[in-house]
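The lines below spell out each chain.
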Number of protein chains: 2
Amino acid sequence: MADFQTIAKQFTDYYYSTFDNDRSQLAALYRDGSMMTWEATPHQGSAAIIEKLKSLPFQSVRHAITTLDAQPASQNEASIMCMVTGQLMVDDGQNVLQYSQTFHLRPEGSSYYVQNDIFRLVYG
Amino acid sequence: MADFQTIAKQFTDYYYSTFDNDRSQLAALYRDGSMMTWEATPHQGSAAIIEKLKSLPFQSVRHAITTLDAQPASQNEASIMCMVTGQLMVDDGQNVLQYSQTFHLRPEGSSYYVQNDIFRLVYG
């Protein structure tokens, strides 16, 4: 098993490239007990989370990670906490939005799923 | 036991008011297994974490929370994940710094301690 930093890097790279290409494909990364809070609104379960992500009012989107920090989240299992700060470019707009996102990843077999996901835009 | 939103609000209010008044007092909120990543540099254990916080190069500091989101982090215990975005004002400077911080809180008796803490300044 790779170390937590490598897993966090691989996970977030995969997550954002999938988000930017076809965000409906992110369903595989959530479970029924997963939670996502998007701009203060909570959603639970893969279906509800993907419904929310698909409903976001932009056609094209691109994420660029500015910082990524990760830590082991438990002494009992290989779960990982990570926080991303980054930039969001939507619909080829000139405005670059800053965001922060926290993921709590839990191991499942040889892979990981998202237990917790908190997303916020950051206004300067 | 209060709900996770109330606990997260109480915790972060207490954390930042303690930080701003006498950050050495935050030692009580960390344990030997606690981790803090401060601007990419990892620190483990209450003593190392407080040493780092005390070494920060500012005399006066004030945090103002802009957003706080919280979620239950486990099905097995009352642990809580929260992400704060906020503003940091140091040494009465005119500049307001944006930051993001993630806390993973674990229950202990009738209280909580910080298992994971990730802090980053966010530059616009």
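About the criteria used
Residues numbered from 1 in each chain as written. Chains lettered and ligands numbered in written order. Predicted model: local features only at pLDDT ≥ 70, side-chain atom pairs only at ≥ 80, totals over all residues. Heavy atoms only, no water. Contact = heavy atoms within 4.5 Å. Buried area = accessible area lost by both parts, 1.4 Å probe. Salt bridge = Lys/Arg side-chain N within 4 Å of Asp/Glu carboxyl O. Polar contact = N/O pair within 3.5 Å; in protein donor to acceptor, adjacent residues only side chain to side chain. Helix = DSSP H or I, 4+ residues; strand = E, 2+ residues; numbered from the N terminus. Pairing = 2+ DSSP bridges. Axes fitted to C-alpha atoms, helices over the stretch in contact; angles between N-to-C directions.

If you check an unreviewed UniProt entry, chain A appears there as Nuclear transport factor 2 from Kockovaella imperatae.

Q: Break down the interface of chain A and chain B for me, citing the residues and quoting the values.
A: Facing 31 residues of chain A, the contacting portion of chain B comprises 31 residues. Between chain A and chain B, roughly 2500 Å² of surface is buried when both sides are summed, and carbon and sulfur atoms account for 56% of that area. Linking chain A with chain B are 2 salt bridges. Residues Asp69 of chain A and Arg120 of chain B are paired through a salt bridge, measuring 2.6 Å at the closest nitrogen-oxygen approach. For the interface between chain A and chain B, the tally reads 12 residue pairs in polar contact (both at pLDDT 80 or more). If you list the elements that add at least two residues to the side of chain A that touches chain B, you get β1 (30–38), β3 (61–72), β4 (80–90), β5 (96–108) and β6 (111–122) of chain A.

Q: Describe the sheet that holds strand β2 (residues 41–44) of chain A, listing the residues and the values that go with them.
A: Residues and elements named next belong to chain A. Here 6 strands make up an open sheet; going across it, the order is β2-β1-β6-β5-β4-β3 and the pairing mixed. At either end of the open sheet lies a strand with only one pairing partner, and these are β2 and β3. Averaged over all adjacent pairs, the angle separating strand axes in this sheet is 20°, with direction ignored. In this structure, β5 lies alongside β6, joined through 11 bridges in antiparallel fashion. Directly across from His104, in β6, lies its bridge partner Asn116. Contacts between helix α2 (residues 46–55) and the sheet are confined to β1 and β2, with β1 contributing the most and set at about 40° to the helix.

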